[in-house]
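Residue-level listing of the chains:
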Amino acid sequence: MLTTTLLTTKIPQNKFRIVALGVFIAALAGCASQPNSGYPQPNSSTQGTVLEEVVVTSSKSSRSSRSKRINRTESKAKSSAVEHGDDSVGDSHQYPEESDIPILRESSARQIFRDYGVNPTKSTRNEPFSTFAMDVDTVSYQITKASLESNRLPNKSSVRVEEFINNFAYNYGSSNDVFSISAEVAPSPYRPGFHLLHVGVKAKYVADQQRLPANLVLVADVSGSMQSDAKMGLQKQALTTLVSQLGARDSVAIITYSDQASVLLKPTKANNKSKIYRAIQQMSAGGGTNVEQGLQKGYALAATMAYPGHVNRVVLTSDGLANIGNVDPKDILKQIKKYRERNIFLTTVGVGKSMYNDYLLEQLANQGNGNYLYLANQSDIERVFVDGLTTQLQVVAKDAKVQLKFNPEKVSLYRQIGYENRALKTQDFLDASKDGGEVGANQQVTVLYEIKLTNVTDGADLANVALSYKKPQGSSVFSLDKAIPSSVIRSGNEAASSDTVVSMAVAAFAEKLRQSYWSRTYDYNQIQSQLIALPEPLRSSKEIAELQSLVTTAARLDSRRDPYSRKFPLSRIDYDRVPLLR
């Protein structure tokens, strides 16, 4: 079983607080006189020197709303890097706008992904804060698994490192709070001179029998593209399995959509399973894909079913290949915003291995108070709708965010591994209007940082980690924070927990697949060596055995050249920074 050190510092009651707008402004005003403590004012700038940058960008264009359709959009990517000490780096480099990031398509399979680039290494002196939304999707790992099992390397743009890391279960300790926080630091075997900081957040436990009753509207794609790749059969199996896990307190309605959306099943108690099953089996594919209308009708029906003290959720199943109505997730989200504010949550479920729009489904969930799941086979269905049903349905916190403040006296440089498309500005942390992540019961959130330690002899804290969130049916912001003490530093990987060792290997695998700059310093064999060294029975567990198999397959298939070797040979690599492009 995986284990990681639980931060044992007790959270004082006065640090668990409701932040009302007036109190928030007053508190921030008080912080102004103490710039070296607390969290910054909303208008304060913590922009600092970016030490390295490998971000795929594209120039803006004046496309019409019609030409913005995702399935017609292709952009050429170009890499940029920023020299150590370059103070000219603008806000867009650290917090890229959606329009600055290209949608990339693997044309052979019509798979649509968006490349969010790679996080830079930053100086704690200039930018001590790292802030991001607490999202915990795992779809990227599942897409990669399906691709490698079909003997194909995944599209680089489909690899989101945090979704690889969060695919694995870790043995975090629990507390009586909504969240518990664990942390550990060990030397990085992949970036010489750096350590890896592993931070784990665990949401409170809710037993299946304690789950709130659910009102679900299933919004099912019955367009022509669902005829391919056995997607319609997989969708029917998934919805049937979901319904089979519901009880007499739950209710279900079904919307289907192709060119138009229509009500297939009016709200029905979930114990009337035969009626619901018959409706699911009636589905047949044909026509276009009007996701926008399907969601609009689904949310409108969900609003009539919504009830306080219940799980009120829309479940969208699709391959994401929208081609009728609005097809940009930002435009669709505008149409459903009023329902989102009424605490109706969203689950997007991607179906199928080919002809698939990851970008649309991921963004709808990411920005729409939701979670994102992926189904490629029966095993995925059982993992999502049987083993993890309570986690998928019952939210324990919404708009959840994480913020680390590094101590410059202990940590000189840091790089967050993954979470590129979930980055937030420092002042967004306690801003109730800024969207965060939705966290389900029993869920874990794991984040890794590469850090360069400057002083390991004194007992000062390495950093402070803080969480902010709202209750599922509330609008007030709660927060809690804990110090990361020097005592969590391990002398070597042999002294580190299995949690940290596994997360290191998983992150290295994802970085290798997406060909990030630092992944050129190691090979797949080093990743395998870490996994082989894990203790039994963990090494032979199903998830680690599967990971080892995927690493072996990737090593066999990956004959790609080092994209940086021509201009920046490995012999001259500077482990503290990416070179400046001239």
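Above this text sits the structure in question.
Parameters and conventions
Residues numbered from 1 in each chain as written. Predicted model: local features only at pLDDT ≥ 70, side-chain atom pairs only at ≥ 80, totals over all residues. Heavy atoms only, no water. Phe/Tyr/Trp six-rings, centres within 6.5 Å; stacked < 30°, edge-to-face > 60°. Buried < 20%, exposed > 50% of the residue type's maximum accessible area, 1.4 Å probe, protein only. Lys NZ or Arg CZ within 6 Å of the ring centre and 35° of its normal. Core = buried A, V, L, I, M, F, W, Y, C linked by side-chain atoms within 4.5 Å. Helix = DSSP H or I, 4+ residues; strand = E, 2+ residues; numbered from the N terminus. Contact = heavy atoms within 4.5 Å. Axes fitted to C-alpha atoms, helices over the stretch in contact; angles between N-to-C directions. Parallel < 35°, antiparallel > 145°, perpendicular 65-115°, else oblique. Left-handed = near helix turned anticlockwise from the far one by under 90°. Nonpolar A, V, L, I, M, F, W, Y, C, P; charged D, E, K, R; others polar. Salt bridge = Lys/Arg side-chain N within 4 Å of Asp/Glu carboxyl O. Polar contact = N/O pair within 3.5 Å; in protein donor to acceptor, adjacent residues only side chain to side chain. Pairing = 2+ DSSP bridges. Right-handed = clockwise from strand over helix to strand, strands pointing away.

> Which residues make up the packing of aromatic side chains, and what are the values?
Enumeration according to the criterion identifies 16 aromatic pairs in this entry. Seen in terms of ring centroids, Tyr517 and Trp518 are 4.9 Å apart; in terms of plane orientation they differ by 90 degrees. Their pairing is edge-to-face. Its relative accessible area of 4% is what places Tyr517 among the buried residues. In this arrangement the basic side chain of Arg191 is found over the ring face of Phe194, its NZ or CZ atom lying 4.0 Å from the centre. A cation over a ring is seen here: Arg520 above Tyr517, with NZ or CZ 5.1 Å from the ring centre.

> Explain the nonpolar core to me, and be specific about the residues and the numbers.
Counting 38 residues, the largest nonpolar core has Phe179 and Ile484 as the members making the most contacts within it. Of all the secondary structure elements, the ones that give two or more residues to this core are β8 (179–187), β9 (195–203), β17 (395–406), β18 (411–417), β20 (444–453), β21 (463–470) and β22 (477–484). Sort the elements by how many residues they give to this core and β17 lands first, with six residues. Those residues in contact with Phe179 that lie beyond four places of it in its chain are Met134, Val201, Lys202, Ala203, Ala397, Val439, Leu467, Tyr469 and Leu480. Counting residues in each nonpolar core, the second largest holds 36 residues, with Tyr141, Tyr172, Ala510 and Ile544 among its members.

> Lay out the packing of helix α3 (residues 139–149) against helix α14 (residues 542–557) in plain terms, naming residues and giving numbers.
Orientation of α3 relative to α14, taken along the N-to-C sense of each, is 60 degrees, at an axis distance of 10 Å. Compared by their axis directions, α3 and α14 come out oblique. Regarding α3 and α14, the two cross each other, and that crossing is left-handed. On α14, the residues touching Tyr141, Lys145, Leu148 and Glu149 of α3 are Glu546, Leu547, Leu550, Thr553, Ala554 and Leu557. The class makeup of the residues in the contact of α3 with α14 is six nonpolar, one polar and three charged.

> So what about the pattern of salt bridges? Which residues, and what values?
Applying the stated rule across the entire model yields 27 salt bridges. Where Glu450 meets Arg191, a salt bridge forms, and the shortest distance between an N and an O atom there is 2.8 Å. Here Glu450, found in strand β20, pairs with Arg191, found in the loop between β8 and β9; they are 259 residues apart in sequence, far enough to count as distant. The same class applies to Glu450 as to Arg191, namely buried. One salt bridge connects Glu511 with Arg514, and the closest N-O pair in it is separated by 2.7 Å. The same class applies to Glu511 and to Arg514, which are both buried. It is possible to trace a salt-bridge network through shared partners that takes in Asp135, Asp137, Arg160, Glu162, Glu163, Asp358, Glu362 and Arg422.

> Can you break down the environment of Glu149 residue by residue, with the values?
Along the polypeptide, Glu149 turns up in helix α3. Given the relative accessible area of 48%, Glu149 is considered partly exposed. Spatially, the C-alpha atom of Glu149 lies 9.7 Å from that of Ala554, the residues being 405 residues apart in sequence.

> Any chance you could break down the side chain of Ser318 for me, citing the residues and the numbers?
Turning to its location among the elements, Ser318 is positioned in strand β13 (residues 311–318). For Ser318, a relative accessible area of 0% puts it in the buried group. A distance of 3.3 Å separates polar atoms of two side chains, one belonging to Ser318 and the other to Tyr257. Beyond its immediate stretch of four places on either side in the chain, Ser318 contacts Asp221, Gln235, Tyr257, Val291, Val349, Gly350, Val351, Tyr356 and Leu361.

> How would you sum up the sheet that holds β18? Please name residues and give values.
Read across the sheet, five strands follow the order β6-β18-β20-β9-β8 without closing on themselves; strand pairing throughout is antiparallel. The open sheet terminates on both sides in strands that have one partner only, identified here as β6 (122–123) and β8. Of the strand pairs in this sheet, β6 and β18 are connected by two bridges, and their pairing is antiparallel. By the bridge assignment, Lys122 is partnered in β18 with Tyr414.

> Quick one: what's the story with unusual backbone geometry, residue by residue and with numbers?
Cis geometry is adopted by the peptide bond preceding Pro537, which originates at Glu536 and carries an omega value of 0 degrees. With respect to the element layout, Pro537 can be found in the loop between α13 (524–532) and α14. Phi angles above zero are rare outside glycine, and Asn151 is one such case at about 60 degrees. Assignment of secondary structure puts Asn151 in the loop between α3 and α4 (161–165). Residue Asn151 is classed as partly exposed on the basis of its relative accessible area of 44%. Positive phi outside glycine occurs at Asp399, with the angle close to 50 degrees. With respect to the helices and strands, Asp399 occurs in strand β17. Looking at Asp399, the relative accessible area reads 10%, which means it is buried.

> Give me the lowdown on the pairing of β22, citing residues and values where you can.
Most of β22 is tucked away: seven of the eight residues are buried. With seven bridges connecting them, β21 and β22 associate as antiparallel partners. Its bridge partner being in β22, Tyr469 is matched across the sheet by Phe478. With antiparallel pairing between neighbouring strands as the criterion, β21 and β22 make up a hairpin whose turn holds six residues.

> Which residues make up the sheet that holds strand β12 (residues 261–269), and what are the values?
Across the sheet, which stays open at both edges, the six strands sit in the order β12-β11-β10-β13-β14-β16 with mixed pairing between neighbours. Among the strands making up the open sheet, the edge pair consists of β12 and β16 (370–375). Across the sheet, the axes of successive neighbouring strands diverge by a mean angle of 15 degrees, strand direction being ignored. Relative to strand β11 (residues 251–257), strand β10 (residues 214–221) runs parallel, the two being bridged by seven bridges. When the bridges of β11 are listed, Val219 appears paired with Ile255. Sitting on the sheet, helix α6 (residues 273–281) touches β11 and β12, and the angle it makes with β12 is about 165 degrees.

> Break down the pairing of β10 for me, citing the residues and quoting the values.
Counting buried residues along β10, eight of its eight residues qualify, which places the element largely inside the surrounding structure. Both faces of β10 are covered, namely the face carrying Ala214, Leu216, Leu218 and Ala220 and the face carrying Asn215, Val217, Val219 and Asp221. Alignment of β10 against β13, held across seven bridges, turns out to be parallel. When the bridges of β13 are listed, Asn215 appears paired with Asn312. Read as a crossover between parallel neighbours, the route from β10 over helix α5 (residues 231–244) to β11 is right-handed.

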